[in-house]
Amino acid sequence: KVVPADCLLLVGNCIVEEAVLTGESTPQWKLPVSGSGVSPHEALHIKSHKQHVLFGGTRVLQHTGDKNARIRTPDGGCLAIVLRTGFETSQGQLMRTILHSTERITANSWETGVFILFLLIFAVSAAYYVLKHGLADPKRDRFKLVLNCVMIVTSVIPPELPMELTIAVNNSLVALARKAIFCTEPFRIPFAGKVQVCCFDKTGTLTTDHLLLEGLAGLPSRSPLQLVLNPDQWSTAAAEVLATCQSLVMVDNELIGDPLEKAALQASRWSYNADVAVSHDKKTRATVVQRYHFNSSLRRMSATLQLEEDGSSQPVPVAVMKGAPEVVRQHLATVPDNYDTIYKHFAAQGARVIALARRLLQAHLTGPELRGLSRDQVERDMAFEGFAVFQCPLKVESEPSLAELAAASHMLVMITGDAPLTAVHAASQVHIVTRPVLILQHKLEATGAGIGPGAYHKPGSPEADAEFEWLSPNEQVRLPFQRSWDQVLLLAAEYDLCLTGDALAHIEGAGLAKKVIPLVQVFARVSPEQKELVLQTLRAAGWVTLMCGDGTNDVGGLKAAHVGIALLAPSALAEAKRKAKAADDRKSKGSKAAKPAAGSQQLLPAAQQQLAAAAGDKSRAGSRAAAAAGAPGDVVQKSSKSKKGGDKVKPGHALLETYRAAGKPVPASIQRWAEMLDKLEDEGGQDVPMVKPGKQGFALVDNTCCGFYSLFPSVKCARSTRTCDAGYIGG
């Protein structure tokens, strides 16, 4: 179910996979624009209203119509209005960028001009020498003399130079493809060798996507800083918030969605399916009536529930909410005295802290009445239920990779939507922050009183300067913000600087963005638009920039940087299907091995036969082929059994053992072939028609892909059913 055009969703809900556009493997929940709080007089903006837009080229995994809608479709499905088609859609704009980019392979034109000028100097000198001595000879033909001088000068620019430059870029494309790096805009490759500033997202890029719930803190009956991991010791209200205030969906019996929400639901031991959550003791049942989804500008999510307890006569309406601690604080009826101390303590340790809140609604409210409540009506006078503390460990390769970049004199920057304390702690572990840190933030941002930098004055105005301050993570250093370039330079010379999203908006409004942004190491609590602003500012300042990210909110930054690196993960749906297929294949192979087909034969792959011949052991190759005849799909495995316990020996290893047993030296070429066979053996459980990155190449002529080839046999072309033994598949 592929969306054919960009559409505005009017009726119904959709679960959409947008990996084709953003690389984000987590499906997105699309809501109708009606009833979502959007004013009918508000102008449509694709970026800010993307939660209501179905983008062309994306896949609809699930859709649910609204039977109570004023306008309904004949089949009871969803209703949407087409906004853009063809090359005007988001997918069309992406294809236009790839195929007809305004920036061609001209990144090395300056270096090419200098090289040609260097050759021109020698050519003019040589032409002058020939002309001078030729004119001194009266017998010399003047026409041929001038012609020779012209040929000397024009030969400076070789006719094959454009082709050589194109071949150089294409060789880079192939080299990158072998390392599972695919380039959609080849003109960016020359920039990669001149990168000066490397910007990184945090969650999913430097850290893993597998969040771990360490426990709940701030529970009424516990010590304020005590983490409680056992769900039996949680309050019932806190467990309800964790299990129900989420946007998880069930697709093909697989629960997919935000990793943080999956970790919270798993830790709570509640079960969830089709908007109904049930406690592990089966005594509580919560039905989600209405969701107010998470928004990067609001930094919170809420929902209304109908709660059914064992023995209760009717369901109880409940409102639940979770979000950033400084944001949830604004909506609490009573704020605990140690509220700030608790969440800042865990945030300073690099944890991701989520505040939980809950409120009982009026008992007479029914389902339709709950759906009619506005977000402001639901999220007021909430009761605090605790903090959920999540840890997101660093990837193993993050620290050594950034250490190499820092040693190579690259400037490292972190741009994330996480809290400042969490971002600063993670940055200190990967060499982005190496000195004491000062955070520029709004004075009300930490306490949650007021909304953003414009709580009292417009961002960027001189009156708003007094509302900002430089603050150290331990709050021992406090300095007032001054609109002075000298003060910023003095601070940058002594401290590493961090800006929050509100502070960045104020800096931009004050006209200091071009000066201040290049001096900052960490940007925290920033929106996707602000990520793009940071990259554009660094680029305008003359820096060659690189942005590395993985999520939907990084797309703007990836496009704005000279070099954008998107870390792509397989979609949750595709991964689930691959695991199911692998399990089916293992079962089928087991049944075939138990009942071998009589008279069936399977030949050895050509590569293994050649290796066997190169080893001079033709008889062993024949015995392998004979052994393979008894069990289809079990090539070389019977002859590759070790003597200890019958464990499998990989074919490459078996080949090397053949050489060693014969007392022959192992050539380097045979060693490489053996490694390739072992790698192929490891990948044997994968889907055969799927060609993995790094195992293929492509031929480019005039920047057009005209062919595709694989290094391995038995790879089937998507456009035909033939198998290419030679490894080449025509385009």
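Keep in mind it's a predicted model, so treat the numbers as computed, not measured.

Calculation notes
Residues numbered from 1 in each chain as written. Predicted model: local features only at pLDDT ≥ 70, side-chain atom pairs only at ≥ 80, totals over all residues. Heavy atoms only, no water. Core = buried A, V, L, I, M, F, W, Y, C linked by side-chain atoms within 4.5 Å. Buried < 20%, exposed > 50% of the residue type's maximum accessible area, 1.4 Å probe, protein only. Contact = heavy atoms within 4.5 Å. Helix = DSSP H or I, 4+ residues; strand = E, 2+ residues; numbered from the N terminus. Polar contact = N/O pair within 3.5 Å; in protein donor to acceptor, adjacent residues only side chain to side chain. Pairing = 2+ DSSP bridges. Axes fitted to C-alpha atoms, helices over the stretch in contact; angles between N-to-C directions.

It is worth spelling out the nonpolar core at this point. Core analysis: the largest hydrophobic core is formed by 51 residues, its most contacted members being Tyr339, Phe387 and Ile432. With residues up to four places along the chain from it excluded, the contact list for Phe387 reads Gly215, Leu216, Ala217, Pro325, Tyr339, Ile342, Tyr343, Val353, Ile354 and Ala355. Counting residues in each nonpolar core, the second largest holds 35 residues, with Ile415, Leu504, Leu512 and Ala561 among its members.

Moving on: the side chain of Ser302. In this structure, Ser302 sits in strand S14 (residues 300-309). One polar contact links Ser302 to Glu379, side chain to side chain, over a distance of 2.7 Å. Contacts of Ser302, omitting those with residues within four sequence positions, involve Cys245, Gln290, Arg291, Tyr292, Val320, Met321, Arg375, Val378 and Glu379.

Among the residues of helix H16 (residues 501-509), those classed as buried are Gly501, Asp502, Ala503, Leu504, His506 and Ile507. Immediately beyond the C-terminal end of H16, within one or two residues, lies Gly511, with a positive phi of roughly 80°.

The next thing to look at is the sheet that holds strand S8 (residues 212-217). Spatial strand order, S8-S17-S16-S15-S14-S13-S12-S11: 8 strands in an open sheet with antiparallel pairing. Each end of this open sheet is capped by a strand with a single partner; those strands are S8 and strand S11 (271-273). On average, each strand axis in the sheet is inclined to that of its neighbour by 25°, with strand direction left out of account. Two strands pair when backbone bridges link them, and S8 and strand S17 (residues 383-391) are joined in this way by 5 bridges, in the antiparallel orientation. Along S17, the bridge assignment pairs Ala217 with Phe387. Across the sheet, helix H7 (residues 236-244) is in contact with S8, S11, strand S12 (276-278), strand S13 (284-292), S14, strand S15 (316-323), strand S16 (352-360) and S17; its angle to S16 comes to roughly 110°. Together, S8, S16 and S17 form the strand contacts of helix H10 (residues 339-347), whose direction differs from that of S17 by roughly 10°.

Turning next to H7. In an α-helix, one turn spans 3.6 residues, which is why side chains three or four residues apart end up on the same side. Counting buried positions along H7 yields 8 of 9 residues, so the element is predominantly enclosed. Within H7 the residues assigned to the buried category are Ala237, Ala238, Ala239, Glu240, Val241, Leu242, Ala243 and Thr244.

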